Amino acid sequence: MKNPASRQELLFQFRGTPPVGTSISLALQHLVAMIVGCVTPPIIIAGAIGLSQADRVLLIQASLVMSAVSTFLQLFPIGRRFGSGLPVILGVSFAYVPSMQAIASSGGGVSAIAGAMLVGGAVAVIVGIFVKKIRLLFPPVITGTVVFTIGLSLYPTAINYMAGGTANTYESVVEVRGLTEALVYGSWQNWLVAALTLTAVMVLNHHGKGICKLASILLGMVFGYIVALLFGMVSFADVGTAAWFSLPRFLHFGVTFDAASCIAIGLLFAINSIQAIGDFTATTVGGMDRDPTDQELQGGIIAYGVSNILAALFGGLPTATYSQNVGIVTTNKVVNRTVFAFAGGFLLLAGVSPKFAALLTTIPQCVLGGATVTVFSTIAMTGMKLIASQDLTARNTTIVGLSAALGVGISQASAALSQFPAAVTMIFGKSPVVIATLMAVLLNLILPKEKS
């Protein structure tokens, strides 16, 4: 039998069984770092589509459960080519939110997103099979441009939420029993709650220590939620009727295939597959003092694609590796998969409880906006860091500047593509990420490289 000291050392090895108490506490650390990011996209998309309360709960449930399943598939590989066997956590990704909002605005529901995810999952599997060759098309200046553009494209979502959510007009609010006029879009109450939530997040992030710093977004949302309660912005009417236990339903939302949606989401899956290489590499370099093997990268990306196909069938939203959890690994060097399995288990438990999902739907949109604006800014700055990791030559600044300008500019000018077919507008005009990605890859291929 191993003594306590040697069992404690197992925390820094991928295999083995470290102390349960320590493993659970470290797993909770990972959970609080990613839970807000995991549940916010389904809440945003449910609002954009206009889902009923019951379907909102199901969407959140399915997203949490499939995040857990995706994590388990990475931790416990099947064979040699399915799963990375690395200490990573997957959750619903903000990278897909702009394109999913575009699908929602064009009349497509969760079924259209699911169809696009099936195609995107297949794209990710193909990327995984040919990862060595394809990754050459996506150097840091390209992935950085894409991530930076994703961050920029999410800012309007955060601002709309801080103002109360675009659906929250006076007419819609007065019909909801128990809620006050504080929910009117753009009201001072919404902005006050959002500002207080943002302030709490920033104070905890910059002055907190330990768990307070790590869970700054979660704790900031709790503070904002309490303030919103005092303003009468929260109703628990739907929580009481929600069941305690339920499983996601197979094909509950159905599957429909729209060519424009499939192209837009499929391209993002290709990009996120390459982005996952960065997270896998950061995990092994920071936590294991080595580079990932080709087999780990290939198995990880293939499992990422297959898990998203499963998520589409069970009504979840697209998942991806979570960089904030990679950051924890590189900080504390804990890589034992027992810790990550506990974190996945907590995600699974949260997902099978409609009561928990219904409680999440009571969070006012101004609280979500105040908390997530910092997340979106971090995404944009992560892109800037990737870009800055390369020399900012005239060639690289042209790639970044022109790609971001065309992507963001065209998506913001709503009538810019009005004379083109609807499918063209859907692919290129709704989300800046598609044009920015294509332009960055094209410019990287055709612009002459500077001589060293």
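Participant: Sorry, what's going on with the environment of M221 here?
Facilitator: Summarising the element assignment, M221 is placed in helix α11 (residues 216–230). Expressed as a C-alpha distance, the spacing of M221 and L368, which sit 147 residues apart in the sequence, is 7.1 Å. Look past the residues within four positions of M221 in its chain and what remains in contact with it is V36, T197, I363, V367, L368 and A371.

Participant: I tried to follow the confidence of the model for the protein chain on my own but got confused; where do I start?
Facilitator: For residues with low pLDDT, the predicted coordinates do not support detailed interpretation. Summary statistics for the protein chain give a mean pLDDT of 82 and a share of 93% for residues scoring 70 or more. Counted against residues more than four places away or in other chains, residues 167–182, with its pLDDT under 50, gives 24 contacts.

Participant: Please clarify how the packing of aromatic side chains should be interpreted in this entry.
Facilitator: Two numbers describe a pair of aromatic rings. These are the distance of the centres and the angle of the planes. Considering all chains together, one arrives at 4 aromatic pairs under this definition. When the ring of Y96 is compared with that of F269, the centres are 4.9 Å apart and the planes differ by 45°; the resulting orientation is tilted. Of this pair, Y96 sits in the loop between β1 (90–92) and α4 (97–105) while F269 sits in helix α13 (residues 259–288); the two residues are 173 residues apart in sequence, bridging distant segments of the chain. Classification of Y96 as buried rests on a relative accessible area of 0%. Take F269: its relative accessible area is 0%, and that puts it in the buried class. When the centroid spacing of 5.4 Å and the interplanar angle of 70° are considered together, the rings of F250 and F314 count as edge-to-face. Separated by 64 residues along the polypeptide, F250 in the loop between α12 (237–241) and α13 and F314 in the loop between α14 (294–313) and β2 (319–321) bring together distant segments of the chain. Grouping aromatic residues by their ring pairs yields a cluster made of Y96, F269 and Y304.

Participant: Just to check I follow, could you spell out the side chain of S84 for this structure?
Facilitator: One can find S84 in the loop between α3 (53–75) and β1. For S84, a relative accessible area of 5% puts it in the buried group. A distance of 2.8 Å separates the side chain of S84 from the side chain of Q74, its partner in a polar contact. From its side chain, S84 meets the backbone nitrogen of L86 in a polar contact 3.2 Å long.

Participant: Any chance you could explain helix α9 (residues 188–207) here in plain terms?
Facilitator: Quick reminder: α-helices carry 3.6 residues per turn. Residues three or four places apart thus point the same way. Between its first and last C-alpha atoms α9 spans 28 Å; for 20 residues at 1.5 Å apiece the expected length is 28 Å, and the two agree. Residues of α9 that are buried include every one of Q189, N190, V193, A194, T197, A200 and V201, and no others. Projection of α9 onto a plane perpendicular to its axis shows the buried side chains occupying an angular sector of 135°, all on one side. Facing away from the buried side of α9 by over 90 degrees, the exposed positions are W188, H206 and H207.

Participant: Any chance you could explain unusual backbone geometry here in plain terms?
Facilitator: With the exception of glycine, the majority of residues adopt a negative phi angle, and the majority of peptide bonds are in the trans configuration. Phi is positive for L251, which is not a glycine, with a value near 55°. Mapped onto the elements, L251 comes out in the loop between α12 and α13. For L251, a relative accessible area of 37% puts it in the partly exposed group. Phi at D289 takes a positive value of approximately 60°, unusual for a residue other than glycine. If you trace the backbone, D289 turns up in the loop between α13 and α14.

Participant: It is not clear to me how the side chain of S411 should be interpreted in this structure. Could you clarify?
Facilitator: Inspection of the secondary structure assignment puts S411 in helix α19 (residues 394–412). On the accessibility criterion, S411 (16% relative accessible area) is buried. Within polar-contact distance, the side chain of S411 engages the backbone oxygen of G407 at 3.2 Å. Engagement of the side chain of S411 in a polar contact is seen with the backbone oxygen of V408, the distance being 2.9 Å. If near-sequence neighbours (up to four positions away) are discounted, S411 is found in contact with G429, K430, S431 and P432.

Analysis parameters
Residues numbered from 1 in each chain as written. Predicted model: local features only at pLDDT ≥ 70, side-chain atom pairs only at ≥ 80, totals over all residues. Heavy atoms only, no water. Helix = DSSP H or I, 4+ residues; strand = E, 2+ residues; numbered from the N terminus. Contact = heavy atoms within 4.5 Å. pLDDT = per-residue confidence, 0-100. Phe/Tyr/Trp six-rings, centres within 6.5 Å; stacked < 30°, edge-to-face > 60°. Buried < 20%, exposed > 50% of the residue type's maximum accessible area, 1.4 Å probe, protein only. Polar contact = N/O pair within 3.5 Å; in protein donor to acceptor, adjacent residues only side chain to side chain. Expected span 1.5 Å × (residues − 1). Arc of directions from axis to C-beta.

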